[in-house]
Amino acid sequence: MITRPESIFIRLFCCSVLVFPALAAANPCGQSATVITEVQGNTDTSALVGQTVTVEGVLTRDSRQAGGFSGFYLQQANTPADSTRSSALFVYTRYKEGRSGQRLRVTGKVKEHYGLTELVAVSDLQVCRNQALPAPVEVSLPWTRAPESLENMRVRINGPLKITDSHQLTRFGDVSLAAKDPLISTEFMAPGTAALRHASLTSVNTLVLDDGHARRNPPSLDWLPAYSATQPGSAASSLVAGTEVRGLTGVLDYRYGAWRLQPDQIPSLKPPPLPDPVPARPTSANLRVMTLNLNNLFNGDGRGQGFPTSRGAKTQAQYKRQLQRLSAGLNQAGADLLALSELENDGYGSNSAIAQLAASLGPHWRFVVPVDSAMQKDAIRNGLLYRADRVNALGPAQYLSGGGGRPSLTQRFALKSGGPSLRLVSVHLKSKSCRNARGENAQQNDGQGCYTVVRVKQAKTLHQQLGQLDKSNALAGTLITGDFNSYSKEQPISELARAGYTNMVAHFHPCTPVLCEHYSYRFKGARGSLDHALASAALKPRVLSAKVWNINADQPRIADYRSHSSPQPWRSSDHNPLITDIKL
């Protein structure tokens, strides 16, 4: 039988009446749903934790790529003018549907994951339609709006920020940013009062520029296209602290205890000028002392083998590059005396680290050998080197017990032309690291780190032992210098100040709560001075200048000797050297 065209049309029409309502029922987009701002709430923790909700929003950033965060960011299309509640969520899911710029309807369970409000256990995900991304919210640092109220939302950072730390660049692909370069809070801790904790100083002012991945050792970075893990001496080496960063837009994320920007465009970078040249020596100064933590100078067995060592360079090639960088800086400084720390404790023979360092500096350099060298048991030690064509070492060099930990090293020196002598003391007090810290050595929440009690005892003992040494009439005074692992106003430095010693860098260049041009170290995006030159009352009027030479602390870790060679001393260590000029 031949079917007439009219019959075919009637059948198609009837089928469409049956099918189209079914399709509409299968796509619930636009039906009643929980508003995302209700999920987020007004506090750090959602009131709906553990409940299953259905939300709708626009997928603003997809992080389901290999090595990503296994989810995406979902934001309400019409963000209300509500400055107290975020209108976005992170959705943790294995669902593959959806892409940036699409409206989705998602059903899942509300969870707080280490401070991040998200949906998990997703049971349904519907793609509704294409929709424009919500406009980014304008925000500035220091935060003009509580970041919790912007969690997972698109934002635009007004004004430039500066890189304050790039320690995690090669490991996790991120750098820390701030509107102003933060100071370590304990720089301004008044004796007898509690200091602001370091975290409280930086967390309200900093932002991490992230790479949107959870992987370690990223081979490339979306926000720094010229970066290459196989050629680490390229773009990453220019990420010096102080680099200006503009054009920051993306999703404001919270992970690993920090607010992070997952950028959606490449920002512009403007590096600061190159490090300053070595400080000029005052005309009337006749003795220059340079202080430097060498960042673990280990030379294997001293014959090209014995690598990797427990610290420092992992290969002979790395050691040669490290020695080259250190020698360049030490020679450029034009010093007569060197007070060094973090030298390998491997004796004083021709294959020792200190002997090879002296040899690399040139034929005029000598190092002192303490009469009680067996006292030093640590893997690292302090060292004193001198220009034998300019100064003489007087009497025996000796260790001072130091009240526990690494002993300090002292030696008297005098100009070859004659005149009074200087007692130089190289110190390296107990680290702030909290490894094995218990009781009074643990964190006291005063900003000074662990083992403050040990460092205070070391400072007291040092002063007492120096008082027991010979007091020759020809002694011009004493300079205690090195890595104190203590910021300027912390108890160990205050203890020596009460004993009559003056912090000479702080004396010539006092810091204020908003300005501090001289600092020797950076820690987690903040700067301060762990290294000091303390002059006795007798020596103080003879000190003409004391400065920090900023060639290391601001430079990115990726630019150090582990990565590539350089004829310049930049990033020869993680500490900046101190230069003290004296007239004997």
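Residues numbered from 1 in each chain as written. Predicted model: local features only at pLDDT ≥ 70, side-chain atom pairs only at ≥ 80, totals over all residues. Heavy atoms only, no water.

Peer 1: Run through the pairing of strand S3 (residues 88-92), naming residues and quoting values.
Peer 2: Taken across its five residues, S3 has four buried, putting it largely inside the fold. Where S3 meets strand S5 (residues 116-130), two bridges bridge the pair, whose relative direction is parallel. Bridged to Val91 within S5 is Leu119. (Buried < 20%, exposed > 50% of the residue type's maximum accessible area, 1.4 Å probe, protein only. Helix = DSSP H or I, 4+ residues; strand = E, 2+ residues; numbered from the N terminus. Pairing = 2+ DSSP bridges.)

Peer 1: Describe the environment of Asn205, and please don't skip the residues or the numbers.
Peer 2: Checked against the element boundaries, Asn205 lands in the loop between helix H4 (198-203) and strand S10 (206-209). Given a relative accessible area of 22%, Asn205 falls into the partly exposed group. It is 6.1 Å that separates the C-alpha atoms of Asn205 and Leu141, two residues lying 64 residues apart in sequence. If we skip the residues at most four places from it in the chain, Asn205 touches Leu141, Pro142, Leu177, Ala178 and Ala179. (Contact = heavy atoms within 4.5 Å.)

Peer 1: Give me the lowdown on the sheet that holds strand S23 (residues 502-503), citing residues and values where you can.
Peer 2: Strand order in the open sheet formed by six strands is S19-S20-S21-S22-S26-S23, and the pairing between neighbours is mixed. Each edge of the open sheet carries a strand with a single partner, namely strand S19 (391-400) and S23. Sheet analysis places strand S20 (residues 408-415) next to strand S21 (residues 421-428), joined by six bridges and oriented antiparallel. Paired with Leu409 across the two strands is Ser426, which belongs to S21. Here helix H7 (residues 452-468) sits on the sheet and contacts S19, S20, S21 and strand S22 (475-483); the angle it forms with S21, its principal contact strand, is near 155°. (Axes fitted to C-alpha atoms, helices over the stretch in contact; angles between N-to-C directions.)

Peer 1: Talk me through the packing of aromatic side chains; I want residue IDs and the actual numbers.
Peer 2: Enumeration according to the criterion identifies five aromatic pairs in this entry. Between the aromatic rings of Phe307 and Tyr319, the centroid separation amounts to 6.3 Å while the plane-to-plane angle is 35°, which identifies the pairing as tilted. Taken together, the residues span a long stretch of sequence, with Phe307 in the loop between strand S15 (287-297) and helix H5 (316-332) and Tyr319 in helix H5 at a distance of 12 residues. Take Phe307 and Tyr319: they sit in the same class, and that class is buried. Judged by centre distance (5.5 Å) and plane angle (50°), the rings of Tyr386 and Phe413 are tilted. Taken together, the positions of Tyr386 in strand S18 (residues 380-387) and Phe413 in strand S20 put the pair 27 residues apart, joining distant regions of the chain. The same class applies to Tyr386 as to Phe413, namely buried. Positioned above the aromatic ring of Phe69, the side-chain terminus of Arg255 is 4.0 Å from the ring centre. The side chain of Arg255 reaches across the aromatic face of Phe90, ending 4.6 Å from its centre. (Phe/Tyr/Trp six-rings, centres within 6.5 Å; stacked < 30°, edge-to-face > 60°. Lys NZ or Arg CZ within 6 Å of the ring centre and 35° of its normal.)

Peer 1: Summarise the packing of H5 against helix H6 (residues 353-361); cite the residues concerned and give the values.
Peer 2: Helix packing geometry: the angle between the two helix axes and the distance between the axes. Interaxial distance between H5 and H6 falls to 9 Å at its minimum, and their mutual angle equals 55°. The angle between the axes of H5 and H6 places the two elements in the oblique class. Remark: the crossing between H5 and H6 carries right-handed chirality. Between H5 and H6, the residues in contact are Tyr319, Leu323, Ser327, Leu330 and Asn331 and Gln356, Leu357, Ser360 and Leu361, respectively. (Parallel < 35°, antiparallel > 145°, perpendicular 65-115°, else oblique. Left-handed = near helix turned anticlockwise from the far one by under 90°.)

Peer 1: Account for the confidence of the model for the protein chain, with residues named and values stated.
Peer 2: Considering every residue of the protein chain, the mean pLDDT works out to 89; 90% of them sit at 70 or more. Here residues 1-25 is modelled with pLDDT under 50, and outside its nearest four sequence neighbours on either side it reaches two contacts, counting other chains as well. Of the regions scoring below 50 in pLDDT, residues 188-203 engages in 31 contacts with residues more than four places distant in sequence or in other chains. (pLDDT = per-residue confidence, 0-100.)

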